[in-house]
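Geometric and topological summary
What follows is the residue order along each chain.
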Amino acid sequence: MSVIKVIKQIEVDDFRNFCDVFNIKTTMIAGDNGSDEELIIEELDKITNQKWVVNFINNNSDGYFRLQMM
């Protein structure tokens, strides 16, 4: 069995919050250009030499994305 070690973990509410945390300037809008998850993954794929896992955590009233750098 392999063990994956998390180097960094960040939690964000939506794509806009994600852009604020990562200092990303974009004209993309969740809902118009894709879902929050799709846009977050698209932006993370642009970061070279880093591998990220995106999980959506549903806490019954809301939800948030947990981003983990491996």
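Attention in this report is confined to the structure presented alongside it. (Residues numbered from 1 in each chain as written. Predicted model: local features only at pLDDT ≥ 70, side-chain atom pairs only at ≥ 80, totals over all residues. Heavy atoms only, no water.)

A few words on the overall build of the protein. If you tally the helices and strands in the protein, you get 2 helices and 3 strands. Going from N to C terminus, the protein has its helices and strands arranged as β-α-α-β-β. C-alpha extents for the protein along the principal axes are approximately 40 × 35 × 20 Å. When burial is assessed residue by residue, the protein has 26% of its 70 residues classed as buried. Summarising the internal contacts of the protein: among those between residues at least 6 apart in sequence, 46% fall at separations of at least 24. Of the accessible surface of the protein, which amounts to about 5,300 Å², a share of 45% is contributed by carbon and sulfur atoms. Taking the average place of the 7 positive charges on the side chains of the protein and the average place of its 12 negative ones, the gap between the two points comes to 10 Å. (Helix = DSSP H or I, 4+ residues; strand = E, 2+ residues; numbered from the N terminus. Buried < 20%, exposed > 50% of the residue type's maximum accessible area, 1.4 Å probe, protein only. Contact = heavy atoms within 4.5 Å. Areas by Shrake-Rupley, 256 points an atom, 1.4 Å probe, with all protein chains shown as cover. Lys, Arg positive; Asp, Glu negative; His and termini not counted. Charge placed at Lys NZ, Arg CZ, Asp CG, Glu CD.)

What follows covers the layout of surface pockets. Over the atoms rolls a probe the size of a water molecule, and in doing so it shows where empty space is left. Looking at the largest pocket, its volume works out to about 190 Å³. What lines the largest pocket is simply Asp14, Phe15, Arg16, Cys19, Asp20, Ile24, Lys25, Thr26, Met28, Ile29, Ala30 and Asp36. Counting residues per element, the lining of the largest pocket draws most heavily on helix 1 (residues 15-22), which supplies 4 residues. Looking at side-chain class alone, the lining of the largest pocket contains 6 nonpolar, 1 polar and 5 charged residues. (1 Å grid on protein atoms, 1.4 Å probe; cavity = no way out; pocket = protein on both sides within 12 Å on 5 of 7 lines; lining within 4 Å. Points joined across faces, edges and corners; volume = space filled by probe spheres on them. Nonpolar A, V, L, I, M, F, W, Y, C, P; charged D, E, K, R; others polar.)

A few words on the sheet that holds strand 1 (residues 8-12). The strand order across the open sheet formed by 3 strands is 1-3-2, and the pairing between neighbours is antiparallel. Each edge of the open sheet is held by one strand with a lone partner, namely strand 1 and strand 2 (52-57). The average angle at which neighbouring strand axes cross in this sheet is 20°, direction not considered. With 5 bridges connecting them, strand 1 and strand 3 (residues 64-69) associate as antiparallel partners. Bridging from a neighbouring strand, Gln9 pairs with Gln68 of strand 3. Contacting strand 1, strand 2 and strand 3, helix 1 runs over the sheet at an angle of about 135° to strand 1. (Pairing = 2+ DSSP bridges. Axes fitted to C-alpha atoms, helices over the stretch in contact; angles between N-to-C directions.)

Once that is clear, we can look at the nonpolar core. Core analysis: the largest hydrophobic core is formed by 14 residues, its most contacted members being Val12, Phe18, Ile40, Leu44 and Leu67. Here Ile40 is in contact with Val12, Asp14, Phe15, Phe18, Val54, Phe65 and Leu67, once residues within four sequence places are set aside. (Core = buried A, V, L, I, M, F, W, Y, C linked by side-chain atoms within 4.5 Å.)

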